[in-house]
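# Architecture at a glance
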Amino acid sequence: MIPCPILCLPLVLPAADSIEDLYARFGAGFSTSSPADFTLTGANESVLIRQILQTFEPSLEFDGWNFQFALGEKLTENIAFEWEVQSLQLDLDSFTPTTNDNGGGLFPFDPNDGSVPGFFRLDGASGEFKALALTANLHFDYQFGESGFGVYGGVGAGFSRNTLDLTVSETFFETEGSPAGDSIDATVPLATDDTWDFCWHWRAGVEYEINRKSTLYVGWRAADYGSADLQGSGPALTADTIEFGFKQSF
């Protein structure tokens, strides 16, 4: 559980020299998780998700939208401090399990031990990953003369509340290699409770200053939201985002 003082941090900004030092930033973007990070290889035979998914290295990929709102204060001409709230909402895009050597299904246990009673076939999967992150950021930008164009970058760290849902549908054939044999269909929903974890991100891109107070920007954000306890397995929750947004000074 996150202490109340931390949840109240966005209400506090360093004392600004003038109202012109303050700004608000609104952003959105398209995000994808990294299959290389979001794996369940940490689960072992005693973990429920390993038994349900009946595979050793399932890889899941999510995609969806990312929304951000930040309040900032200019510390110098090019550096600013921000409090940012970020909402990430991703749906399952692909689920790639490890199949057996014959490609005929998913072995329920290690096929090398000689005790495989049958095999599973993956019929479908759906899921959702959501994160609500609160971070303290350092923001940097630089304008190229009077052209209006410039570059920006930033880093941030804080806490994220993560929720993960996954539903897997499988068919188990009692006779190995014989789809005509007896079969059992199963649909199993898995979910996590809201989990708070440390998160961080970096971002960089280009911007265009419409006037002295208004700026448009587009860039790239890479974020690590920590992990979630999914039935004893803790997959790393990372996402890359193509972001775009608008910054308005007061």
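This one's a predicted model, so the numbers in the text were calculated from it and none came from an experiment.

### Comments concerning the pairing of strand β9 (residues 236–249)
Of the strand pairs in this sheet, strand β1 (residues 22–33) and β9 are connected by 11 bridges, and their pairing is antiparallel. Note on β9: the bridge partner recorded for Gly27 is Gly245. Both strand β8 (residues 214–227) and β9 contribute to a ladder of 12 bridges, which runs antiparallel. Across the sheet, residue Ala223 finds its bridge partner in β9, namely Ala239.

### Description of the confidence of the model for the protein
On average, residues of the protein score 79 in pLDDT, and 69% of them reach the 70 mark or higher. Across residues 107–112 the pLDDT falls below 50, and counting only partners more than four positions away or on other chains, this stretch makes 19 contacts in the model.

### Things to note about the environment of Phe38
One can find Phe38 in the loop between β1 and α2 (48–53). Classification of Phe38 by relative accessible area gives buried; the value is 1%. As for Phe38 and Ala239, which are separated by 201 residues in sequence, their C-alpha atoms are 9.6 Å apart.

### Regarding the side chain of Glu82
Among the structural elements, Glu82 can be located in strand β3 (residues 79–96). A relative accessible area of 1% means that Glu82 is categorised as buried. In this structure the side chain of Glu82 is engaged in a polar contact, spanning 2.8 Å, whose partner is the side chain of Arg25. In this structure Glu82 touches Tyr23, Arg25, Ala70, Leu71, Gly72, Thr135, Ala136, Asn137 and His139, once residues within four positions along its chain are discounted.

### Quick notes on the packing of aromatic side chains
The geometry of an aromatic ring pair is captured by two quantities: the separation of the ring centres and the angle between the planes. Taken as a whole, this structure holds 8 aromatic pairs when the rule is applied. Between Phe62 and Phe129, the ring centres sit 6.5 Å apart and the planes meet at 75°, which makes this aromatic pair edge-to-face. Within this pair, whereas Phe62 is found in strand β2 (residues 59–74), its partner Phe129 is found in strand β4 (residues 119–143), the two being separated by 67 residues in sequence. Taken together, the ring pairs connect Phe62, Phe129 and Tyr225 into an aromatic cluster. The aromatic ring of Tyr217 is capped on one face by Arg203, whose charged end is 5.5 Å from the ring centroid.

Parameters at a glance
- Residues numbered from 1 in each chain as written.
- Predicted model: local features only at pLDDT ≥ 70, side-chain atom pairs only at ≥ 80, totals over all residues.
- Heavy atoms only, no water.
- Pairing = 2+ DSSP bridges.
- Helix = DSSP H or I, 4+ residues; strand = E, 2+ residues; numbered from the N terminus.
- pLDDT = per-residue confidence, 0-100.
- Contact = heavy atoms within 4.5 Å.
- Buried < 20%, exposed > 50% of the residue type's maximum accessible area, 1.4 Å probe, protein only.
- Polar contact = N/O pair within 3.5 Å; in protein donor to acceptor, adjacent residues only side chain to side chain.
- Phe/Tyr/Trp six-rings, centres within 6.5 Å; stacked < 30°, edge-to-face > 60°.
- Lys NZ or Arg CZ within 6 Å of the ring centre and 35° of its normal.

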